[in-house]
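Descriptive analysis of the structure
Each chain, written out:
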Amino acid sequence: MKSRMLLAACLIAMFCNPAKSPAADPEPRKWRIDEVEREALIAAPDSASTKAAPLVFVFHGHGGTMRNAARSFRIHDEWPDAIVVYMQGLKTPGQITDPQGLRSGWQMGPGDQGDRDLKFFDQVLESMKKEFKVDDKRIYSTGHSNGGSFTYILWNERPNIFAAFAPSGAAALKLRGTLKPKPMLHMAGENDPLVKYAWQKMMIESVKQMNKCGEGKPWEKSCTEFPSTIDSPVATFITAGGHEFPKEAPALIVKFFKQHPIR
């Protein structure tokens, strides 16, 4: 009797709380752009060849790698139905650290480094659309630190491609006033010693104003959402931490992206 009751309970749990489908392991791919080899890790569900799938681009911080990004962002685990691209940067001089450019990163603004990373993005996007059935209304970008700044650059330079953005620990103050209204989730630490919270707050306030956002209201966990009269809300996840990427961020990013396709 007890064994039958236990079996019944297990079956109920399976149907009422189905587990996520296992995510595909990211696989390395290479491209050659202006005689330079570029790399990314791609995770895609089998269904993406026949069924329209979301596409998420992820950018590591300065000194990071595509593999570190795959481990920390885990977007392919949180959203196994999505195609996820973890891009690899090249050696780049940093604005705050590494002025010699000994570590990997992303161009600092439109036109910097010959727009090599914008060209990289364009070619990878073209490849994804040839290989998979990409849902054009659900293409997103997220990144931390220098990768978050590059997400802002993509927003500025390729705005019509994307549905929403999720920069973390980043600012792009030179782009204030030039962006196009889009939904945004921004993550920041109040004690960030590198990308000062004051800079990030200025960026957030600029986007809120551009997106015609009103008063904030509680969203997921400790997030605040600022509704928009033009359907471009801003959500913020502000911690008491520093420059680290928040462990809660991957689930929040996926939840926000799922709520905001191009309408």
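Structure: see above.
Examining the overall build of the chain
Check the secondary structure of the chain and you find seven helices and twelve strands. Over its C-alpha atoms the chain spans a radius of gyration of 19 Å, differing by no more than 12% from the 18 Å that the globule rule assigns to 263 residues. Each principal axis of the C-alpha atoms in the chain carries an extent, and together these give about 70 × 45 × 35 Å. The buried share among the 263 residues of the chain stands at 50%. Summarising the internal contacts of the chain: among those between residues at least 6 apart in sequence, 64% fall at separations of at least 24. When the accessible surface of the chain is summed, it comes to about 12900 Å², and 53% of that surface belongs to carbon and sulfur atoms. Taking the average place of the 35 positive charges on the side chains of the chain and the average place of its 29 negative ones, the gap between the two points comes to 4 Å.

Re the environment of Asn-191
For Asn-191, the position within the fold is in the loop between strand E9 (184-189) and helix H6 (197-210). With 45 residues separating them along the chain, Asn-191 and Asn-146 place their C-alpha atoms 17 Å apart. With sequence-adjacent residues up to four places away left out, Asn-191 is seen in contact with Ala-240, Gly-241 and Gly-242.

Here we look at a nonpolar patch on the surface
A grouping of Ile-96, Leu-194 and Trp-199 is seen on the molecular surface, where their side chains present a nonpolar patch of about 270 Å² in accessible area. Mapping Leu-194 onto the fold places it in the loop between E9 and H6.

Topic: the environment of Ile-33
The residue Ile-33 is located in strand E1 (residues 27-33) in this model. With 90 residues separating them along the chain, Ile-33 and Gln-123 place their C-alpha atoms 8.2 Å apart. Ignoring any residue separated from it by four or fewer positions in sequence, one finds Ile-33 in contact with Arg-38, Lys-119, Phe-120 and Gln-123.

Structural notes on the nonpolar core
If you look at the biggest cluster of nonpolar residues, it comprises 42 residues, and the most contacted ones within it are Leu-55, Phe-57, Ile-83, Val-85, Met-87 and Met-128. Mapped by element, the contributors of at least two residues to this core are E1, strand E2 (36-43), strand E3 (53-59), strand E4 (83-87), helix H4 (116-131), strand E7 (134-144), helix H5 (146-157) and H6. In terms of residue count, H4 provides more of this core than any other element does, six residues in total. Ignoring anything within four residues of it in the chain, the contact list for Phe-57 reads Val-85, Met-87, Phe-121, Val-124, Leu-125, Ile-139, Tyr-140, Ser-141, Thr-142 and Phe-162.

Structural notes on unusual backbone geometry
Positive phi, close to 55 degrees, is recorded for Gln-113, a residue that is not glycine. Summarising the element assignment, Gln-113 is placed in the loop between strand E6 (104-105) and H4. Looking at Gln-113, the relative accessible area reads 33%, which means it is partly exposed.

Overview of the layout of surface pockets
Looking at the largest pocket, its volume works out to about 750 Å³. If you trace the largest pocket, you find 33 residues lining it, with Ile-96, Ser-145, Asn-146, Ser-149 and Val-195 closest to the centre. Elements that contribute at least two residues to the lining of the largest pocket include exactly helix H2 (66-73) and H5. Here the element with the most residues in the lining of the largest pocket is H2; it accounts for four residues. Partitioning the lining of the largest pocket into residue classes produces 15 nonpolar, 16 polar and two charged. Computed from the structure, the second largest pocket encloses a volume of approximately 180 Å³. In terms of lining, the second largest pocket is formed by Ala-163, Lys-180, Pro-181, Lys-182, Pro-183, Ile-230, Asp-231, Ser-232, His-260, Pro-261, Ile-262 and Arg-263. Grouping the amino acids of the lining of the second largest pocket by side-chain chemistry returns six nonpolar, two polar and four charged.

Here is what the cut-offs are and how they apply
Residues numbered from 1 in each chain as written. Predicted model: local features only at pLDDT ≥ 70, side-chain atom pairs only at ≥ 80, totals over all residues. Heavy atoms only, no water. Helix = DSSP H or I, 4+ residues; strand = E, 2+ residues; numbered from the N terminus. Rg over C-alpha atoms; globule rule 2.2 N^0.38 Å. Buried < 20%, exposed > 50% of the residue type's maximum accessible area, 1.4 Å probe, protein only. Contact = heavy atoms within 4.5 Å. Areas by Shrake-Rupley, 256 points an atom, 1.4 Å probe, with all protein chains shown as cover. Lys, Arg positive; Asp, Glu negative; His and termini not counted. Charge placed at Lys NZ, Arg CZ, Asp CG, Glu CD. Patch = residues over 30% accessible without salt bridge, like charges linked within 9 Å, V, L, I, M, F, W, Y side chains within 5 Å. Salt bridge = Lys/Arg side-chain N within 4 Å of Asp/Glu carboxyl O. Core = buried A, V, L, I, M, F, W, Y, C linked by side-chain atoms within 4.5 Å. 1 Å grid on protein atoms, 1.4 Å probe; cavity = no way out; pocket = protein on both sides within 12 Å on 5 of 7 lines; lining within 4 Å. Points joined across faces, edges and corners; volume = space filled by probe spheres on them. Nonpolar A, V, L, I, M, F, W, Y, C, P; charged D, E, K, R; others polar.

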